[in-house]
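Descriptive analysis of the structure
Single-letter residue listing:
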Amino acid sequence: MEETKTNASQGAPKEAEVVGRKFDEKDIAENKYVAMLSYLGILCLVPLLVKKESPFAQFHARQGLVIAIAWVIGWVFFWVPLFGQLAALVLFVVNVVALIKTYAGEAWEIPVVTDVAKKLNI
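What you see is a predicted model, and the numbers here were worked out from it, not measured in a lab. (Residues numbered from 1 in each chain as written. Predicted model: local features only at pLDDT ≥ 70, side-chain atom pairs only at ≥ 80, totals over all residues. Heavy atoms only, no water.)

Considerations on the overall build of the protein
What counts here: Numbering of helices and strands starts at the N terminus; helices are DSSP runs of H or I of at least 4 residues and strands are runs of E of at least 2. Residue exposure (1.4 Å probe, protein chains only): buried if accessible area is under 20% of the type maximum, exposed if over 50%, otherwise partly exposed.
Helices and strands together make up the secondary structure of the protein, namely five helices and three strands. In sequence order, the secondary structure elements of the protein are arranged as β-β-β-α-α-α-α-α. Relative to its 122 residues, the protein shows a buried fraction of 38%.

Given below as structure tokens:
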């Protein structure tokens, strides 16, 4: 699990870096609340469609879209005793942690989710 690292250079704007990706602190400050919508189900479409110029919001929107799709697909399995409840609990915890990290201005690369999100051609 990778988290953001803050890099403060003299005279240069602060940037948050996530495995080769850099997000400007201004972008994070202006768009973190919209990016939080990414982890609230279908609301992931809001930053995906409205904040196309924000790399930070787009990063979270793509991950949120993958998680929303996982919720829809998961409904088939959530009815299975034990396995289904465990899967639902894991998705719920991932959603909550992602929301908290986005609020903190971090770009958490969620294992598996980020790999699928990178493949989305949106």
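Let's talk about the packing of aromatic side chains
The line we're drawing: Two rings from Phe, Tyr or Trp (for Trp, the six-membered ring) form a pair when their centres sit within 6.5 Å of each other. Planes less than 30 degrees apart are called stacked, planes more than 60 degrees apart edge-to-face, and all others tilted. By the criterion adopted, a ring carries a charge over it if an Arg CZ or a Lys NZ lies within 6 Å of its centre and within 35 degrees of its normal.
In this structure the tally under the stated criterion is six aromatic pairs. Between Phe 23 and Phe 59 the ring centres are 5.6 Å apart and the planes differ by 55 degrees, which places this aromatic pair in the tilted class. A residue pair is termed long-range when its members are at least 10 positions apart, and Phe 23 in strand S3 (residues 21–24) and Phe 59 in helix H3 (residues 55–77) qualify at 36 residues. Taking the relative accessible area as the measure of exposure, Phe 59 reaches 7% and is therefore buried. What links up through ring pairs into an aromatic cluster is the set Phe 23, Phe 56 and Phe 59. Stacked on the ring of Tyr 103, the Lys or Arg Lys 32 has its end atom at 5.0 Å from the ring centre.

A closer look at the packing of helix H1 (residues 25–36) against H3
Helix packing for two helices is described by the angle between their axes and how far apart those axes are. Heads up, the rule is: Every axis corresponds to a line fitted to the C-alpha atoms, with the helix fit spanning only the stretch in contact, and the corresponding angles, defined between N-to-C directions, vary from 0 to 180 degrees. For classification, angles of less than 35 degrees are called roughly parallel, those exceeding 145 degrees roughly antiparallel, those between 65 and 115 degrees roughly perpendicular, and all remaining angles oblique. Note on convention: near helix rotated counterclockwise from far helix by under a right angle means a left-handed crossing. Clockwise means right-handed. Residues count as neighbours in contact if any of their non-hydrogen atoms are within 4.5 Å of one another. Throughout this entry, Asp, Glu, Lys and Arg are counted as charged residues, while Ala, Val, Leu, Ile, Met, Phe, Trp, Tyr, Cys and Pro are counted as nonpolar. The remaining residues, Gly among them, count as polar.
Where H1 meets H3, the axes come as close as 8 Å, and the angle between the chain directions of the two elements is 30 degrees. The angle between H1 and H3 places the two elements in the roughly parallel class. Crossing hand, H1 versus H3: right-handed. Along the contact surface, H1 presents Asp 27, Ile 28, Asn 31, Lys 32 and Ala 35, while H3 presents Pro 55, Phe 56, Ala 57 and His 60. Across the contact of H1 with H3, the residue classes break down as five nonpolar, two polar and two charged.

Observations regarding the side chain of Gln 58
Here Gln 58 shows up in helix H3. The residues contacting Gln 58, other than those within four sequence positions of it, are Pro 47, Leu 48, Lys 51 and Lys 52.

Some remarks on the pattern of salt bridges
Our working definition: Whenever a carboxyl oxygen of Asp or Glu lies within 4 Å of a side-chain nitrogen of Lys or Arg, that contact is scored as a salt bridge.
Within this structure, the stated rule accounts for two salt bridges. With a shortest N-O distance of 4.0 Å, Glu 30 and Lys 26 are connected by a salt bridge. In this pair, Glu 30 and Lys 26 both sit in helix H1, four residues apart, roughly one turn of the helix. Each member of the pair, Glu 30 as well as Lys 26, carries the same accessibility label: exposed.

Take it as geometry only, folks, not as evidence of what the structure does.
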